[in-house]
Amino acid sequence: MPEGKIIKALAGFYYVKDGDKTIQCRGRGVFRKRKITPLVGDDVVYQYENEQEGYILEIKERKNELVRPPISNVDQAILVFSAVEPAFSTLLLDRFLVLIEANYIQAIIVISKFDLLSESEQQVIMQYKEDYEKAGYDVLTTSSVTAEGMQELKPFIGESVSVFAGQSGVGKSSLLNALDPELQLKTNDISSHLGRGKHTTRHVELIPIGEGLVADTPGFSSLDFTIDEGELSDCFPEMREKSQECKFRGCLHDKEPKCAVKEAVESGEIKQYRYDHYLEFLAEIRDRKPRY
């Protein structure tokens, strides 16, 4: 049986790339019975109906999957956050990072629209860049207008399957157009009334850029945590490393004594705002639990 990768899902059809050809497929009823939905990124076995259409028969085992955006088998997430319009938010960035870390996906942080900042505003963003680099992340400042950071971003894409994710209006599609002008993806300005971007990407699709595949995904502004409280600190690399020095095994770095993470926050080794976000997320996870 022929095999391929789903590169687009739209209106109940799955577009399977097999070498140089793309086959429009539907899922067999067996997937509905098993409550399995094919995702963009899935490696599948399919059957021809004719030269251009077919049916998906089997979904190969996934190494990971995301719910929002719905995609599987991701090598890395390129998290695009604008420096302005909408304003840079470390709280929202940390939410994205927790989701990505929980799925064991490598994260690269891209701060877009850097050209729109004044010199003093650029210094503030550069301090955040330094903070996240110390936490263990690659951070790039970019502009789709001046092409700043484009040459630095291309090697990260390489031959990987990358997902571009972030709020709507941060310039994901503009960055992809700057990386490959032939794409001509639709872009939109920020709504002055709402203060956020209009959704220009309506579906998930894997787009070839160089030797890699990049997913341009619909923007969204909220994330729900599905991890347990004991797993949360592992999603903060600097806390994950420091927690090995905590006195108590399973320390949640909240009210426990002799906590190495809290000591690192007090010394400035771990940034206070990152720790504050951790506590906020911890409370959110605890509140999610059913109470009897």
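Nothing here was measured: the structure is a model prediction, and the numbers come from that model. Per chain, residue numbering runs from 1 following the sequence as it is written. The predicted nature of this model means local features are confined to residues of pLDDT at least 70 and side-chain atom pairs, given and counted, to a pLDDT of 80 or more, with totals for whole chains, interfaces and linings taken over all residues. Water and hydrogen atoms were dropped before computing side-chain values, which therefore reflect all heavy atoms in the structure.

A short note on the overall build of the protein
Applicable threshold: Helical segments are the DSSP runs of H or I of at least four residues, strand segments are the runs of E of at least two, and each set is numbered from the N terminus. Burial status follows relative accessibility: with a 1.4 Å probe on protein chains alone, a residue under 20% of its type maximum counts as buried, one over 50% as exposed, and anything between as partly exposed. Working rule for contacts: check all heavy atoms of both residues, and any pair within 4.5 Å makes them a contact.
In terms of helices and strands, the protein carries nine helices and 13 strands. Among the 292 residues that make up the protein, the fraction classed as buried is 49%. Across the protein, the fraction of contacts at a sequence separation of at least 24, relative to all contacts at a separation of at least 6, is 64%.

Observations concerning the layout of surface pockets
For clarity, the threshold we go by: Definitions used throughout: a 1 Å grid over protein atoms alone; a cavity as a set of points that fits a 1.4 Å probe which cannot get out; a pocket as an open set with protein on both sides within 12 Å along at least five of seven lines; a lining residue as one with an atom within 4 Å of a point. Grid points are joined across faces, edges and corners, and a volume is the space filled by probe spheres set on the points. Put simply, Ala, Val, Leu, Ile, Met, Phe, Trp, Tyr, Cys and Pro go in the nonpolar bin, Asp, Glu, Lys and Arg in the charged bin, and everything else, Gly too, in the polar bin.
Looking at the second largest pocket, its volume works out to about 290 Å³. What lines the second largest pocket is a set of 15 residues, among which K134, A135, E238, E269 and I270 lie closest to the centre. The set of elements that each furnish at least two residues to the lining of the second largest pocket consists of α3 (119-135) and α7 (237-242). The biggest single contributor to the lining of the second largest pocket is α3, with five residues. Broken down by class, the residue content of the lining of the second largest pocket amounts to three nonpolar, two polar and 10 charged.

Here's the deal with helix α5 (residues 172-179)
Burial within α5 is extensive, with six of its eight residues counted as buried. Residues K172, S173, L175, L176, N177 and L179 constitute the buried set of α5.

Concerning the pairing of strand β3 (residues 21-27)
Rule in force here: DSSP calls a pair of strands paired once it identifies at least 2 bridges connecting them.
Pairing analysis gives five bridges linking strand β2 (residues 13-18) to β3, with the strands arranged antiparallel. Along β3, the bridge assignment pairs D18 with K21. Taking the residues that link successive antiparallel strands as the turn, the β2-β3 hairpin has two residues, and the phi of G19 there is positive, at about 65 degrees.

Structural notes on the pattern of salt bridges
Inclusion rule: The salt bridge criterion pairs a side-chain nitrogen of Lys or Arg with a carboxyl oxygen of Asp or Glu, the two atoms within 4 Å.
For the structure shown, the criterion picks out 19 salt bridges. For the salt bridge of E133 with K129, the shortest nitrogen-to-oxygen distance reads 2.6 Å. Of this pair, E133 and K129 both sit in helix α3, separated by four residues, roughly a single helical turn. Look at K129 and you get buried, because its relative accessible area is 16%. Across the salt bridge formed by D254 and K255, the nearest N and O atoms sit 3.8 Å from each other. Residue classification places K255 among the exposed residues on the basis of a relative accessible area of 72%.

A short note on the packing of aromatic side chains
Keep this limit in mind: In summary, the pairing rule links any two rings of Phe, Tyr or Trp, Trp by its six-membered ring, whose centres are within 6.5 Å, and it sorts them by plane angle into stacked for under 30 degrees, edge-to-face for over 60 and tilted for everything else.
Taken as a whole, this structure holds nine aromatic pairs when the rule is applied. Relative to F96, the ring of F81 has its centre 5.3 Å away and its plane inclined at 90 degrees; by these criteria the two rings are edge-to-face. With F81 in strand β8 (residues 76-82) and F96 in helix α2 (residues 90-102), the pair connects residues that are 15 residues apart, well separated along the chain. Ring geometry for Y128 versus Y273: centroids 5.6 Å apart, planes at 90 degrees, classification edge-to-face. One end of the pair, Y128, is in helix α3; the other, Y273, is in helix α9 (residues 272-288), and 145 residues separate them in sequence.

Structural notes on the side chain of N103
We count it as follows: Side-chain atoms alone can form a polar contact between residues adjacent in sequence; in general such a contact is a pair of N or O atoms within 3.5 Å, and within protein one must be able to donate a hydrogen while the other accepts it.
With respect to the helices and strands, N103 occurs in the loop between α2 and β9 (106-112). Looking at N103, its side chain comes within polar contact range of the main-chain oxygen of L99, at 2.9 Å.

Observations regarding the pairing of β2
Where strand β1 (residues 3-10) lies against β2, five bridges are found, and the strand directions are antiparallel. Counterpart to K5 in the pairing with β2 is K17. Linkage of β1 to β2, two consecutive antiparallel strands, is achieved through a turn of two residues, within which A11 is found at a positive phi near 55 degrees.

Side note on unusual backbone geometry
Among all residues save glycine, negative phi is the norm, and among peptide bonds the norm is trans. Of note, the bond from E85 into P86 is cis; its omega dihedral lies within 30 degrees of zero at -5 degrees. By secondary structure assignment, the location of P86 is in the loop between β8 and α2. Not every positive phi belongs to a glycine, and A147 is a case in point at roughly 75 degrees. Note on placement: A147 falls in the loop between β10 (138-141) and α4 (150-157). Taking relative accessible area as the criterion, A147 reaches 43% and is therefore assigned partly exposed. The backbone phi angle of K258 is positive, close to 50 degrees, even though this residue is not glycine.

A few points about the environment of E205
Within the element layout of this structure, E205 appears in strand β12 (residues 205-209). Given the relative accessible area of 27%, E205 is considered partly exposed.

Details of the packing of α4 against α5
Heads up, the condition is: Every angle, taken between N-to-C directions, lies between 0 and 180 degrees, and every axis is a line fitted to C-alpha atoms, over only the stretch in contact when it is a helix. Angle categories are assigned with fixed cut-offs, so that under 35 degrees is roughly parallel, over 145 is roughly antiparallel, 65 to 115 is roughly perpendicular, and the rest are oblique.
Viewed as axis vectors pointing N to C, α4 and α5 meet at an angle of 90 degrees, and their least axial separation amounts to 10 Å. In terms of axis orientation, α4 runs roughly perpendicular to α5. Facing M150, L153, K154 and I157 of α4, the residues of α5 in contact are L175, A178 and L179. Split by residue class, the contact of α4 with α5 holds six nonpolar, no polar and one charged.

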